[in-house]
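Structural features, examined
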Amino acid sequence: MNSQIVRRNVKFLPDASRVIARFLFTSENRSINIIRNVLSMSEESVNVILGQVLRDYSRRHRSISKIFEKHFNKVTHLFSKFNIDPKLLTMSQKVLIGSYFTMEYSIESAAFFNPSIVEHPDQTEKGDKEKRVILSFRATGEGHISSIVFRSGMLDENSNLTVDPVGKMLEEAEHIRRHVYDKESFKSKLEEMQNFHTIMPPDIILGKLGDNFTYGELRACIEEVRKESDTLIADKEMLFNQMMWLASSHYEIDFSLDTALSERVIFPISRTERNGIEDARFVKFTDDNGEINYYATYTAYDGMRILPKMIKTKDFYHFKILPINGDIAQNKGMALFPRKINGKYAMLCRIDGVNNYVSFSDNINFWGKAEIIQRPLYPWEFVQIGNCGSPIETKEGWLVITHGVGAMREYVLGAALFDLDIPEKEIGRLKHPLLIPNAEEREGYVPNVVYSCGSIVHNEDLIIPYATSDYASTYATVNLEMLLKDIKNSN
């Protein structure tokens, strides 16, 4: 190969000091005892203990007293056990009780990996050959729960990345709003998930709802049907669980305007992703009318099942989250093209876990058939081949950074080129890996792995952020023209 990849001296490492304040779930009996103990304290004791807590944690969290108050509101239903109206408590009592139902969670203490990169929406106050960028990462903490976090920075004319200072006052979303569901599309997704000929028909619930319904209306309807029957059939309970699992996957979130990008954490919210949000592939998407949105496909994991989902944002403050529907939405590794092709949305996917496919759709949230476009060809990809992010449009075709898995489960990066108008047509593929784990990169949580979730072009270079052995991240660059030449000459 004539193209030489250049590893850059920027490291993104796990940082155990980056914590969020989360609600602490505990048993009802233990919760009642906590509340009883605080209520038995004198006003003076409440103020002394609360003062100590605020002194210790107010510098670690923005508006920690408001977080305590929010967590207090999550346990107010337990005050019926005391025949006390929680509204009558002093603010100090409320905040102190809330502190006992709060815990710190270190979001990236275990790993900081699988990055993607996109052009920042704000390109003001920079040089002609500079580019402001946003990087997303999969951050993993205690219990191997994954979330999405961000960094911002500037690429100079020589593709050197200067990372913006990283904020310490991390926050989850300030507001969470549930989705309004269309009955027919909701029913279609249920049918993709389960063969309803073998369990209860969904109309025993959906038949009681209107053409559009909310999460709360669905939950209330399920509880009503539960009460109508003295004995609960196992198939019926399975249906109820599937409905609530699916319904919880739609939501919208907003972050406070006074948070830095590096302080915003998309932490698992819905039941479908309670064990992690994995491998977000962000892409800047330009619609036919010139409107720009940023999309990310990712994998939601609840401990047993995965669900491909999509994030949509314009400004990285407001995010809309939806599941991806359709027959091909059953596996990891979906990556959206940055524009429509021949009037249709296009998506890379790997529906069988081994080969690369492409799919087209009139609806960005519904994907049906897919066509195979790549099979493992070279020894370093005999186990599987997949994409490492959204295709990049170049004058020679769609450039796709791939990952290949070979002997000893070694993950390497490759590159391939596809026709701009017929992306099913492969123009060429590198015969040799573009990037192989070196001696330092091969040691980590999962050895012998380099992996990326999205690259961009800057000036004459391709910028490839990548993870090293599922532990840390860095980036590399390669001359785009030389890479394209090597791919075309690989046939």
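Preceding this section is the structure that the text describes.
Attention here is on the structure that accompanies the text. Bear in mind the structure is a predicted one, so any value in this text is a computation, not a measurement.

**Things to note about the sheet that holds strand β19 (residues 370-374)**
Read from one edge to the other, the open sheet built from four strands follows the order β16-β17-β18-β19, with strand pairing classed as antiparallel. Only two strands of the sheet have a single partner each, and these edge strands are β16 (335-336) and β19. In this sheet, β19 lies alongside strand β18 (residues 356-361) in antiparallel orientation, the contact comprising four bridges. Opposite Y357, over in β19, you have I372 as the bridge partner.

**So, unusual backbone geometry**
Backbone geometry at D279 places phi at a positive 55°, although glycine is not the residue there. Topologically, D279 is positioned in strand β12 (residues 276-286). Judged by relative accessible area, D279 falls into the buried class, the value being 13%. Phi at S469 takes a positive value of approximately 50°, unusual for a residue other than glycine. For S469, the position within the fold is in the loop between β27 (461-468) and β28 (472-479).

**Observations concerning the pattern of salt bridges**
Within this structure, the stated rule accounts for 23 salt bridges. Its salt-bridge partner being E273, residue K309 comes within 3.1 Å of it at the nearest N-O pair. Of this pair, K309 sits in strand β14 (residues 306-313) while E273 sits in the loop between β11 (251-254) and β12, placing them 36 residues apart in sequence. An identical accessibility class is assigned to K309 and E273; each is buried. Salt-bridge contacts for E393 lead to R339; the nearest nitrogen and oxygen are separated by 2.9 Å. With E393 in strand β21 (residues 392-394) and R339 in the loop between β16 and β17 (345-349), the pair connects residues that are 54 residues apart, well separated along the chain.

Criteria and thresholds
- Residues numbered from 1 in each chain as written.
- Predicted model: local features only at pLDDT ≥ 70, side-chain atom pairs only at ≥ 80, totals over all residues.
- Heavy atoms only, no water.
- Pairing = 2+ DSSP bridges.
- Helix = DSSP H or I, 4+ residues; strand = E, 2+ residues; numbered from the N terminus.
- Buried < 20%, exposed > 50% of the residue type's maximum accessible area, 1.4 Å probe, protein only.
- Salt bridge = Lys/Arg side-chain N within 4 Å of Asp/Glu carboxyl O.

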